[in-house]
Amino acid sequence: MLVSIVIPCYNSQATIGKVVDMVSGEFEKNPGYTCEFVLVNDHSRDGTFGVIRRLAQERENVKGVDLLRNFGQHNALMAALSYAQGDYILGMDDDMQTHPSQIFKLIDKMAEGFDIVYGVYPRRKNSVLKNFSSKLNEVSSRILLGRPKEILSSNFWVITRAVCEEVVKYTSYNPYIDGIFYRITHNIGNVPVEHFKRESGTSNYTLRKLMGLWLAYWNYSVIPLRISSVLGMFSALGGFLAAVVVVVKKMISPDIPAGWASTICVMVFFFGLVLMVLGIIGEYLGKMLLTLNHTPQYIVRETVNITDMEKR
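### Structural notes on a nonpolar patch on the surface
Here is step 1 of the chain: Judged by side-chain polarity, Val274, Leu275, Leu278, Ile281, Leu285 and Met288 come together as a nonpolar surface patch covering roughly 570 Å² of accessible area.
Here is step 2 of the chain: Ile281 sits in the partly exposed class, given a relative accessible area of 33%.

### Things to note about the sheet that holds strand β3 (residues 62–67)
Consider a sheet: its strands pair through backbone hydrogen bonds, and that pairing is either parallel or antiparallel.
Here is step 1 of the chain: Reading across from one edge, β7-β5-β6-β4-β1-β2-β3-β8 is the order of the eight strands in this open sheet, with mixed pairing throughout. Each edge of the open sheet carries a strand with a single partner, namely β7 (188–192) and β8 (300–304). Across the sheet, the mean angle from the axis of one strand to that of its neighbour is 20°, orientation sign disregarded.
Here is step 2 of the chain: Taken together, the four bridges between strand β4 (residues 88–91) and strand β6 (residues 157–160) define a ladder with antiparallel strand orientation. Bridge assignment links Ile89 to a residue of β6, and that residue is Ile159.
Here is step 3 of the chain: In this fold helix α7 (residues 177–184) packs onto β5 (116–120), β6 and β7, with an angle of close to 135° to the strand it touches most, β5.

### Considering the pattern of salt bridges
Here is step 1 of the chain: Taken as a whole, this structure holds nine salt bridges when the rule is applied.
Here is step 2 of the chain: The salt bridge partner of Glu58 is Arg54, with a shortest N-O separation of 3.3 Å. With Glu58 and Arg54 both in helix α2 (residues 48–58) and four residues apart, this pair spans about one turn of that helix.
Here is step 3 of the chain: With a relative accessible area of 53%, Glu58 lands in the exposed category.

### Brief notes about the environment of His195
Here is step 1 of the chain: Following the sequence through the fold, His195 ends up in the loop between β7 and α8 (207–215).
Here is step 2 of the chain: For His195, a relative accessible area of 5% corresponds to the buried category.
Here is step 3 of the chain: His195 sits 96 residues away from His99 along the chain, and the two C-alpha atoms are 7.3 Å apart.

### Notes on helix α1 (residues 16–28)
In an α-helix there are 3.6 residues to a turn, and that puts residues three or four apart on one side.
Here is step 1 of the chain: A rise of 1.5 Å per residue sets the reference length of α1, with its 13 residues, at 18 Å; its end C-alpha atoms lie 18 Å apart and thus fit the reference within 8%.
Here is step 2 of the chain: Buried within α1 we find Ile16, Gly17, Val19, Val20, Val23, Ser24, Glu26 and Phe27.
Here is step 3 of the chain: Packed against the buried residues of α1 are β1 (2–9), β2 (34–41), α2, β3 and α4 (103–110).

### Looking at the side chain of Ser154
Here is step 1 of the chain: For Ser154, the location among the structural elements is in the loop between α5 (128–144) and β6.
Here is step 2 of the chain: Assessed through its relative accessible area of 10%, Ser154 is described here as buried.
Here is step 3 of the chain: At a separation of 2.5 Å, a polar atom in the side chain of Ser154 contacts the main-chain carbonyl oxygen of Gly119.
Here is step 4 of the chain: A distance of 3.2 Å separates a polar atom in the side chain of Ser154 from the backbone nitrogen of Phe156.
Here is step 5 of the chain: Ignoring anything within four residues of it in the chain, the contact list for Ser154 reads Tyr118, Gly119, Tyr121 and Asp178.

### Description of the nonpolar core
Here is step 1 of the chain: In this structure, Ile5, Phe27, Leu39, Leu90, Met92 and Ile103 are the most contacted members of the largest nonpolar core, which totals 35 residues.
Here is step 2 of the chain: Elements with a contribution of two residues or more to this core: β1, α1, β2, α2, β4 and α4.
Here is step 3 of the chain: Contact partners of Ile5, with chain neighbours within four places excluded, come to Val23, Phe27, Cys35, Glu36, Phe37, Val38, Leu90 and Met92.
Here is step 4 of the chain: Core analysis: the second largest hydrophobic core is formed by 30 residues, Leu77, Tyr83, Phe181 and Ile306 among them.

### So, the confidence of the model for the protein
In regions of low pLDDT, the predicted coordinates are not meant to be interpreted in detail.
Here is step 1 of the chain: Here the protein averages 82 in pLDDT, while 76% of its residues score no lower than 70.
Here is step 2 of the chain: Element-level pLDDT for the protein is lowest in α8, with a mean of 59, against a maximum mean of 98 in β4.

### Looking at α2
Here is step 1 of the chain: Among all positions in α2, only Thr48, Phe49, Val51, Ile52, Leu55 and Ala56 are buried. Down the axis of α2, the sector holding all buried residues measures 155°, keeping them to one side. Among the exposed residues of α2, those oriented more than 90 degrees off its buried face are Gln57 and Glu58.
Here is step 2 of the chain: The inward-facing, buried residues of α2 abut β1, α1, β2, β3 and β8.

Procedures and definitions
Throughout, a residue's number is its position along its own chain's written sequence, starting from 1. In keeping with the model being predicted, local features are shown solely for residues with a pLDDT of at least 70 and side-chain atom pairs are shown and tallied solely at 80 or more, while totals for entire chains, interfaces and linings include all residues. As a convention, hydrogens and water are excluded, and side-chain values are obtained from all of the structure's heavy atoms. In this scheme, patches are assembled from residues that exceed 30% relative accessible area and form no salt bridge. Like charges are connected within 9 Å, while nonpolar side chains (Val, Leu, Ile, Met, Phe, Trp, Tyr) are connected within 5 Å. Calculation of accessible area relied on Shrake-Rupley with a 1.4 Å probe; when residues are assessed, cover is drawn exclusively from the protein chains displayed. Just to be clear on terms, a salt bridge is a Lys or Arg side-chain nitrogen sitting within 4 Å of an Asp or Glu carboxyl oxygen. Per-residue accessibility, obtained with a 1.4 Å probe over protein chains only, is compared with the maximum for each type, and a residue is labelled buried under 20%, exposed over 50%, and partly exposed between these values. The pairing criterion is simple: DSSP has to find at least two bridges between the two strands. Strands here mean DSSP runs of E at least two residues long; helices mean DSSP runs of H or I at least four residues long; both are numbered from the N terminus. Axis lines are fitted to C-alpha atoms, over the contacting stretch for helices. Their N-to-C directions set the angle, which ranges from 0 to 180 degrees. Here a residue-residue contact requires only that any non-hydrogen atoms of the pair lie within 4.5 Å. How far a helix is expected to stretch is found by multiplying one less than its residue total by 1.5 Å. Residues adjacent in sequence count toward polar contacts only when both atoms are side-chain atoms; beyond that, a polar contact is any pair of N or O atoms within 3.5 Å, and within protein one must be able to donate a hydrogen and the other to accept it. Put simply, a nonpolar core is a bunch of buried Ala, Val, Leu, Ile, Met, Phe, Trp, Tyr and Cys residues held in one set by side-chain atoms that sit within 4.5 Å of each other. Looking at any residue, its pLDDT shows the predictor's confidence there, from 0 to 100. Note: the arc covers the axis-to-C-beta directions of the helix.

What follows is the structure, given as structure tokens:
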């Protein structure tokens, strides 16, 4: 069985060679499987693609893809999936946090008949910000994307070829891999894996990038629009009830002075609510506009060890 190892690479010249060597060592211990690597350089600022090119020259099973600019981790994954040829496709990171020694825990779990298996971490070795964002994503994906409650997700996963074939049909400029997975199947399994420390460097996810990743959920859900509708309904009802209370009080006690401060507070609250709803609608309209303008999901500058017939 052929397993495609898809890895988005960014500033990983110090680690990607070690990842390839260690993964290859794990497959040598399991003769029933072979592997190929699809390494996508997401416009790194160091010599990452030079290392990928060297690896491709040394190993026939290493495919290299160089993107024209930085598109982001999930776009790079979409590029990698479009070149993967395996019966299983396994996604992992380039920094050794998703450790090669844990790969066959996921692959063995697939034998139980799952379409997707996530490796989940009983203990995470991330920064406080990254752990908080992971928890936020966990809650948000359950509400917005319909993730099954008993399933946890991570950036360490394996999928069947059938799932991969469906994933690459999505051409949105702003993909979110897990959101696409949940749309395709709920036949998902979890397996505990050890979370290792990053070999070198720091996380490339800034607060702005984490927020952008969270907003990508909105490509796969209309729940924010429904929430804004409910908020608008309740605010209108609240305003109506407040008006009734004011009228009744004025009729009972005509000498009550009109409150300028309270009026301003109410106006600020409701105008803020209106702006929030308009912002949500604007986010959707902006995404629609960018999609209609055919904003590219990714652009390939160069490939190594890849023929034209290998891209779907």
